[in-house]
Amino acid sequence: MTIAVCPGSFDPITLGHLDVVRRGVRLFDEVVVGVARNASKSALLSVEDRVGLARSAVAEIPGVRVEVVPGLLVDFCQEIGATALLKGLRGGADYDAELPMALMNRHLTGIETVFVPADRGVAHIASSLVKDVARHGGRVEDLVPPGVAEVVRARLRAHAEGARG
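Residues numbered from 1 in each chain as written. Predicted model: local features only at pLDDT ≥ 70, side-chain atom pairs only at ≥ 80, totals over all residues. Heavy atoms only, no water.

### Quick word on a nonpolar patch on the surface
A contiguous nonpolar patch, built from Leu-72, Met-104 and Leu-108 and spanning about 290 Å² of accessible area, is present on the exposed surface. Here Leu-72 is to be found in the loop between β3 (64-69) and α3 (73-80). (Patch = residues over 30% accessible without salt bridge, like charges linked within 9 Å, V, L, I, M, F, W, Y side chains within 5 Å. Areas by Shrake-Rupley, 256 points an atom, 1.4 Å probe, with all protein chains shown as cover. Salt bridge = Lys/Arg side-chain N within 4 Å of Asp/Glu carboxyl O. Helix = DSSP H or I, 4+ residues; strand = E, 2+ residues; numbered from the N terminus.)

Shown next as structure tokens:
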């Protein structure tokens, strides 16, 4: 059985992420959406929110589960028996950012990274852009799975109220 981990912060999960996951289950027996804490990013959503939204988004996709990556990604992959990492690429900048990580992960444990080019219909979607559009009152429902836009807006309101208080 082949297992791939599709890692990310998923802050929030988007239709672009789901495209990569759906395509990944055609390549691997199981895809584990690995929700990671990224020390270089300040997350809007809690890990619990991100896991819950991701689980809801992939609930109808056979062969997919969602787990928290508690530490080093390659250690998590070894623990669950994953043989590959699954990453989506929207363009050259993504490749430039992802290649050093792929090489380091292979150096550390031998795990390979499989890059899936983004579908043109979702290549413009990034979690950071979703948050920015929502922060300014724009419509994001067509960029994220059902229920995600409402949670993002609620967290943005809470952050704004906390900043004023």
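### Digging into the sheet that holds β3
If you walk across this open sheet you meet the five strands as β3-β2-β1-β4-β5, and the pairing is parallel. Among the strands making up the open sheet, the edge pair consists of β3 and β5 (112-117). With strand direction ignored, the average angle separating the axes of adjacent strands in the sheet is 30 degrees. Two elements, strand β4 (residues 84-89) and β5, share six bridges in a ladder whose sense is parallel. When the sheet's bridge partners are listed, Leu-89 is paired in β5 with Pro-117. In the packing of helix α1 (residues 15-24) onto the sheet, the strands contacted are β1 (3-8), β2 (30-36), β3, β4 and β5, and the crossing angle to β4 comes to about 135 degrees. Its contacts with the sheet place α3 against β1, β2, β3 and β4, and it is angled at close to 150 degrees to β1. (Pairing = 2+ DSSP bridges. Axes fitted to C-alpha atoms, helices over the stretch in contact; angles between N-to-C directions. Contact = heavy atoms within 4.5 Å.)

### Some points on helix α2 (residues 47-58)
Across its twelve residues, α2 extends 16 Å between first and last C-alpha, which sits within 8% of the 16 Å expected from 1.5 Å per residue. Taken together, the buried positions of α2 are occupied by Val-47, Asp-49, Arg-50, Val-51, Leu-53, Ala-54, Ala-57 and Val-58. (Expected span 1.5 Å × (residues − 1). Buried < 20%, exposed > 50% of the residue type's maximum accessible area, 1.4 Å probe, protein only.)

Shape is all these values report; function is a separate question.
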